[in-house]
Amino acid sequence: MRGRVLVVAGSDSGGGAGIQADIKTISMLDAYAATAITALTAQNTEGVFGVLPIPPEFIRTQIEVVLDDIGADVIKTGMLHDAAVIEAIASVLHEHAAAVPVVVDPVMAAKGGARLIEPEAIDALRRLLIARAEIVTPNLPKAEILCGATIGDVAEMRTAGETLLGLGCRAALVKGGHLPGETVSDVLVTADGGVKIWESPRIATRHTHGTGCTVASAIAAGLAQGLGLEGAVDRARNYVQRAIAGAPGLGRGHGPLDHAHLLHPDAV
């Protein structure tokens, strides 16, 4: 099964994150990517220099026409900059894709620190999208905002995942790359009481722009292709690790990953 993923997210003109990373990832994993663009950003590896929001009604139209014709096996959300956008997306998904699993990557800031969501939109994100998500994939700073608690170790990552489940989602992958140490731990907590912890050696590099978008889209592709949740997360982590290890070293700041590493497996 190839799988169809509809990505609802913002565009990154530097190509490392956002819609560009989503399309690359989903395509490289042999699934089909369709898109509804929520905002245009002017950014490169050094930062975000401008954001042009797309009107909520046009975002809604993009989603409607894709679902009406192509359809989707999974929907993945990324940058959703304000409450009106989130409300429009939640409404159209309820009307046209109520049974389609949703992967929520709660994008709040770019790698360089620029804010990509209005503070008042975070509650709407919790209530309207995380509440119906198949899985939500926050890193530690995002999980701390969503849960209202500081996270300092793996045990607290598990607690954060359980807190996110309390919002209504079926699973939460809390990513631990922001914790210090030579080992990176990611914790998957599921509504059936399951807990899975992955550990991998930290890759020392500044070229990590778009890792959040990439792992969420890789998970979405796996779910669309019929992989179980753990299988989709496991493949996504492996894909991202290889993409970080093979990063092409572009730009003066936080550079992009090598999304095409599967095309040249001997390079990593």
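Rules used in this analysis
Residues numbered from 1 in each chain as written. Predicted model: local features only at pLDDT ≥ 70, side-chain atom pairs only at ≥ 80, totals over all residues. Heavy atoms only, no water. Core = buried A, V, L, I, M, F, W, Y, C linked by side-chain atoms within 4.5 Å. Buried < 20%, exposed > 50% of the residue type's maximum accessible area, 1.4 Å probe, protein only. Contact = heavy atoms within 4.5 Å. Helix = DSSP H or I, 4+ residues; strand = E, 2+ residues; numbered from the N terminus. Axes fitted to C-alpha atoms, helices over the stretch in contact; angles between N-to-C directions. Parallel < 35°, antiparallel > 145°, perpendicular 65-115°, else oblique. Nonpolar A, V, L, I, M, F, W, Y, C, P; charged D, E, K, R; others polar. Phe/Tyr/Trp six-rings, centres within 6.5 Å; stacked < 30°, edge-to-face > 60°. Lys NZ or Arg CZ within 6 Å of the ring centre and 35° of its normal. Salt bridge = Lys/Arg side-chain N within 4 Å of Asp/Glu carboxyl O. Pairing = 2+ DSSP bridges. Right-handed = clockwise from strand over helix to strand, strands pointing away. Polar contact = N/O pair within 3.5 Å; in protein donor to acceptor, adjacent residues only side chain to side chain. Expected span 1.5 Å × (residues − 1).

Participant: Would you explain the nonpolar core in this entry?
Facilitator: One broad trend across soluble globular proteins is that nonpolar side chains are buried collectively. Core analysis: the largest hydrophobic core is formed by 47 residues, its most contacted members being L6, V8, I63, I75, I89, L93 and L129. When residues no more than four places from it in sequence are discounted, the contact partners of L129 are T77, L80, I86, I89, A90, L93, V104 and A124. Membership of the second largest hydrophobic core comes to 31 residues, among which are A33, V74, V240 and L257.

Participant: Can you help me understand the side chain of T77 in this one?
Facilitator: Following the sequence through the fold, T77 ends up in strand 4 (residues 74-77). On the basis of relative accessible area, T77 is assigned to the buried category, the value being 0%. Once residues lying within four places of it in the same chain are set aside, the contact partners of T77 are V8, V102, V103, V104, D105 and L129.

Participant: So what exactly am I meant to see when it comes to the packing of helix 3 (residues 83-96) against helix 4 (residues 121-129) here?
Facilitator: Helix packing for two helices is described by the angle between their axes and how far apart those axes are. Running from amino to carboxyl end, helix 3 crosses helix 4 at an angle of 10°, the nearest separation of the two axes being 9 Å. Compared by their axis directions, helix 3 and helix 4 come out roughly parallel. Note on element contacts: helix 4 touches helix 3 through A121, A124, L125, L128 and L129, opposite A83, I86, E87, I89, A90 and L93. Of the residues belonging to the contact of helix 3 with helix 4, the class tally is 10 nonpolar, no polar and one charged.

Participant: Is there a simple way to explain unusual backbone geometry in this structure?
Facilitator: With glycine set apart, most residues show a phi of negative sign, and most peptide bonds adopt trans. Residues other than glycine seldom take positive phi values, yet D30 does so here, at roughly 65°. Position of D30 among the secondary structure elements: in the loop between helix 1 (18-28) and strand 2 (32-44).

Participant: Before we go on, may I ask you to explain the packing of aromatic side chains in this structure?
Facilitator: Aromatic rings considered in pairs are described by the distance between their centres and by the relative angle of their planes. For the coordinates displayed, the defined rule picks out zero aromatic pairs. In this structure, K196 packs its charged tip against the face of W198, placed 5.4 Å from the ring centre.

Participant: Please explain the pattern of salt bridges as it appears in this structure.
Facilitator: Side-chain pairs of opposite charge can arise where the charged atoms are in close proximity. All chains considered together, the criterion is met by 11 salt bridges. The residue D73 makes a salt bridge to R4 at a minimum N-O spacing of 2.9 Å. A residue pair is termed long-range when its members are at least 10 positions apart, and D73 in the loop between helix 2 (56-69) and strand 4 and R4 in strand 1 (residues 4-12) qualify at 69 residues. Note on R4: relative accessible area 32%, which makes it partly exposed. Salt bridges here are not isolated pairs; linked through shared partners, they connect R60, E64 and E95.

Participant: How do you make sense of the environment of C147 when you look at a structure like this?
Facilitator: When you line up the elements, C147 lands in helix 5 (residues 140-147). Overall, C147 belongs to the buried group, its relative accessible area being 18%. A sequence separation of 65 residues divides C147 from D82, and the C-alpha atoms of the two residues are 19 Å apart. With residues near it in sequence (within four places) discarded, C147 still touches A160, T163 and L164.

Participant: Help me understand the pairing of strand 1, please; the structure alone is not making it clear to me.
Facilitator: Each regular strand carries side chains that alternate between the two faces of the sheet. The element strand 1 is extensively covered by neighbouring structure, given that eight of its nine residues are classed as buried. Relative to strand 2, strand 1 is paired through eight bridges, and the arrangement is parallel. Looking at the pairing, S11 lines up with L40 of strand 2. The handedness of the strand 1 to strand 2 crossover, carried by helix 1, is right-handed. Direction of pairing for strand 1 relative to strand 4: parallel, over a ladder of four bridges. What sits directly across from V5, in strand 4, is V74.

Participant: So what exactly am I meant to see when it comes to the side chain of T214 here?
Facilitator: By the secondary structure assignment, T214 is in helix 7 (residues 211-224). Given the relative accessible area of 0%, T214 is considered buried. Of note is the side chain of T214, whose polar atom sits 2.7 Å from the backbone oxygen of G210. Sequence-distant contacts of T214, defined by excluding residues within four places in its chain, comprise A21, T25, Y239, V240, L257 and H259.

Participant: Would you explain helix 2 in this entry?
Facilitator: Every α-helical turn comprises 3.6 residues, leaving residues that sit three or four positions apart pointing alike. The first and last C-alpha atoms of helix 2 sit 20 Å apart over 14 residues, in line with the 20 Å expected at 1.5 Å per residue. Turning to helix 2, the residues buried within the fold contact strand 1, strand 2 and helix 3. At the exit of helix 2 stands G71, carrying a positive phi of roughly 80°.

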